[in-house]
Amino acid sequence: MKNLCRLSLLEAINLVKKGQATPEDFWQSCWQSQQKKDGKIHAFLTLNEKGEKDLARKSLGQEPLAGMPFAVKDNFSTRGLQTTAGSRILANYVPPYTATVIRRLQKAGGIIFGKTNCDAFAFGASGENSGFGPTRNPHDLARVPGGSSSGSAAAVASHQVIFALGSDTGGSIRQPAAFCGVVGLKPTYGRCSRWGLIAMGSSFDAPGPITKTVADAALVLSLMAGKDRHDATSSGKMVANYREGLAKGVKNLKIGLVREFFRPELQGEIGNAVQRAARQLEQAGANLVEISLPHLDEALAVYYVLVPAEISSNMARYDGVRFGYQSKHGKTALAASAYSRGEVFELEVKRRILMGSYILSAGYFDAYYLQASRVRTLIINEFRRLFGKVDLILGPTTPTTAFKLGEKTADPVAMYLSDIFTVPANVAGLPAISLPFGKDKNNLPIGIQLIGNYFQEETMLQAAYLLEKANGN
Ligand code: GLN
């Protein structure tokens, strides 16, 4: 059967369960697609050559994921399989263990197809900060796929795999999903274990699925989520069967439209897409409520203070001794470590470490870190108040559709601004999903975003499912 790789996860599983295709057929189809397309796109850093062996598992076809190949962003540790986090400092690193969320998907019958390119240590919004060269957007090779889960989104959009995993600290699942025209879900902080995910901002990081459909995201999330004894911040709350509730509709749900989202920088076509989605939800029985998030701008500022602070501390472990690249220079331990870091860390990695160290340094800590932490609490309280009034918040995922390669590399602040609509959910730890909703005049995908209340992924998925159907996807 041709083009199996183009199927959604649920379609693929059904076909295997009905005996009309085998997991091997899907593996082959994805492999051929990868070989054909990835020379131009560069979504993958490493392919799991040993994956085919796992296909021999007898019961595979009957397991929840039925042997489907999935791609993993290269900042998730995978035992025996090179894991670089997109940085040259880890170019030869092979982890001795596998991240919990991946082990869960493997246990459910998923097979790792390969590791995907990303901005080094997930610092970025375009994929261009990867130490191994950029990934390109499958819809237009001159444009970025978004970041930092650039390879995962591009691999799903170009049908090189059936689904993928990404990580989202400030938008890195949702923004590339929007740019590539696929679905990206960032769960509530703590809903999915971070164990084995290479840390960026530990109080922000969230692993989540990138898929072709909303129902696929619901399935993958229900298999990844749940308490993990290796991650003290993972939640023990019961994991819902997210797929069951999908078709419940949106009758009587209150959907908030944030006034501050409709700002001059927002590309007109994206604003229109959000309005169109709002009307469709209203027609399906939801009530629209205009709300205000006065601290939207501060959310971005808070993010770019607290996250670099957490980054600078998390990056301290790359000292050229315990992991990764070791320089030949430097006579003392400190000098040797400085050379190792200085020689290979990518520019954006250095920038974030410098910013973070400055923010945390004596004399500045109170003015920056403490102050930003206070504003974070304000924003959390603002969201809590809003979720007293509404069930979901609807808005754009990004201010623009995919931009050109090189367009923002010289101006980090312009790059940071592309996160303005995604970071609030991370600052507050809320769940959010981006789904494709039409195209702009250049035929580039537009993404819209739904933000849910804590642990209300189910409601969020319900509304996303309805919009996906209404939009004829
Ligand atoms: N673009 C954001 C940043 O550069 C988000 C990154 C992420 O979510 N990993 O920090």
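All of these numbers come straight from a predicted model, not from anything done at the bench. (Residues numbered from 1 in each chain as written. Predicted model: local features only at pLDDT ≥ 70, side-chain atom pairs only at ≥ 80, totals over all residues. Heavy atoms only, no water.)

*Asks:* Outline a nonpolar patch on the surface, supporting the account with residue identities and numerical values.
*Replies:* Taken together, the side chains of Tyr358, Tyr364 and Tyr368 present a nonpolar region at the surface, about 290 Å² in accessible area. Positionally, Tyr368 belongs in helix H12 (residues 366-389). Taking relative accessible area as the criterion, Tyr368 reaches 34% and is therefore assigned partly exposed. (Patch = residues over 30% accessible without salt bridge, like charges linked within 9 Å, V, L, I, M, F, W, Y side chains within 5 Å. Areas by Shrake-Rupley, 256 points an atom, 1.4 Å probe, with all protein chains shown as cover. Salt bridge = Lys/Arg side-chain N within 4 Å of Asp/Glu carboxyl O. Helix = DSSP H or I, 4+ residues; strand = E, 2+ residues; numbered from the N terminus. Buried < 20%, exposed > 50% of the residue type's maximum accessible area, 1.4 Å probe, protein only.)

*Asks:* Give me the lowdown on the pattern of salt bridges, citing residues and values where you can.
*Replies:* According to the stated counting rule, one finds 14 salt bridges in the structure shown. The salt bridge partner of Asp74 is Lys115, with a shortest N-O separation of 3.0 Å. Separated by 41 residues along the polypeptide, Asp74 in the loop between strand S2 (69-73) and helix H4 (100-107) and Lys115 in strand S3 (residues 111-116) bring together distant segments of the chain. Each member of the pair, Asp74 as well as Lys115, is classed as buried. For Glu348, the salt bridge is made with Arg351, and the minimal N-O distance between the two is 2.3 Å.

*Asks:* Explain the nonpolar core to me, using residue names and the numbers behind them.
*Replies:* In terms of nonpolar packing, the biggest core is built from 144 residues, with Phe121, Ile393, Leu394 and Leu450 touching the most fellow members. A per-element tally of this core places helix H9 (residues 296-314) first, with 11 residues. In contact with Leu450, not counting residues within four places along its chain, are Leu392, Ile393, Leu394, Pro431, Ala432, Ile433, Leu435, Met460, Ala463, Ala464 and Leu467. By size, the runner-up hydrophobic cluster in this structure holds six residues, among which are Val144, Phe179, Ala402 and Met415. (Core = buried A, V, L, I, M, F, W, Y, C linked by side-chain atoms within 4.5 Å. Contact = heavy atoms within 4.5 Å.)

*Asks:* Which residues make up the pairing of S3, and what are the values?
*Replies:* Residues in a regular strand project their side chains so that they alternate between the two faces of the sheet. Within S3, six of the six residues are buried, leaving the element largely enclosed by the surrounding structure. Here strand S1 (residues 44-47) runs beside S3; their pairing, made up of three bridges, is antiparallel. Considered in S3, the bridge of Phe44 is made with Thr116. Here S2 pairs with S3 via five bridges, running parallel. Note on S3: the bridge partner recorded for Phe70 is Ile112. (Pairing = 2+ DSSP bridges.)

*Asks:* Tell me about the site of the ligand, and please be specific about residues and values.
*Replies:* In the neighbourhood of the ligand, 15 residues make up the surrounding shell, with Thr169, Gly170, Ser172, Tyr303 and Arg352 lying closest. The side chain of Tyr303 places a nitrogen or oxygen atom 2.7 Å from an oxygen atom of the ligand. Relative to its unbound accessible area of 290 Å², the ligand is 100% covered by the protein chains. Judged by the fraction of its atoms near the pocket grid, the ligand is located in the largest cavity. (Near = heavy atom within 4 Å. Polar contact = N/O pair within 3.5 Å; in protein donor to acceptor, adjacent residues only side chain to side chain. 1 Å grid on protein atoms, 1.4 Å probe; cavity = no way out; pocket = protein on both sides within 12 Å on 5 of 7 lines; lining within 4 Å. Sits in = over half its atoms within 2 Å of the grid points.)

*Asks:* Explain H12 residue by residue, including any values.
*Replies:* In this model H12 runs 34 Å from its N-terminal to its C-terminal C-alpha over 24 residues, within 8% of the 34 Å that 1.5 Å per residue would give. Every buried residue of H12 is listed here: Ala372, Val375, Arg376, Ile379, Glu382, Phe383, Leu386 and Phe387. The inward-facing, buried residues of H12 abut strand S8 (287-291), H9, strand S9 (392-396), helix H14 (423-428) and strand S11 (445-452). (Expected span 1.5 Å × (residues − 1).)

*Asks:* Account for the side chain of Lys212, naming residues and giving values.
*Replies:* Structurally, the position occupied by Lys212 is in the loop between strand S6 (206-211) and helix H7 (214-224). It is Asp216 that comes nearest to the buried, bridge-free Lys212 among opposite-charge side chains, at 7.0 Å. At 2.9 Å, the side chain of Lys212 forms a polar contact with the backbone oxygen of Leu7. There is a polar contact of 2.9 Å between the side chain of Lys212 and the side chain of His159. Contact partners of Lys212, with chain neighbours within four places excluded, come to Cys5, Arg6, Leu7, Ser8, Val156, His159, Val161, Ile162, Val183 and Glu468. (Lys, Arg positive; Asp, Glu negative; His and termini not counted.)

*Asks:* I'd like to hear about empty space enclosed by the protein, residue by residue, with values.
*Replies:* In this approach the atoms are scanned with a rolling probe the size of a water molecule, which exposes any empty space left behind. Counted under the stated rule, the structure contains one cavity of 30 Å³ or more. Quantified by volume, the largest cavity comes out at close to 80 Å³. If you go around the largest cavity, you meet 13 residues; those closest to its centre are Gly124, Gly170, Ser172, Tyr303 and Asp419. Tallied by class, the residues present in the lining of the largest cavity amount to five nonpolar, six polar and two charged. (Points joined across faces, edges and corners; volume = space filled by probe spheres on them. Nonpolar A, V, L, I, M, F, W, Y, C, P; charged D, E, K, R; others polar.)

Geometry only, nothing functional implied.
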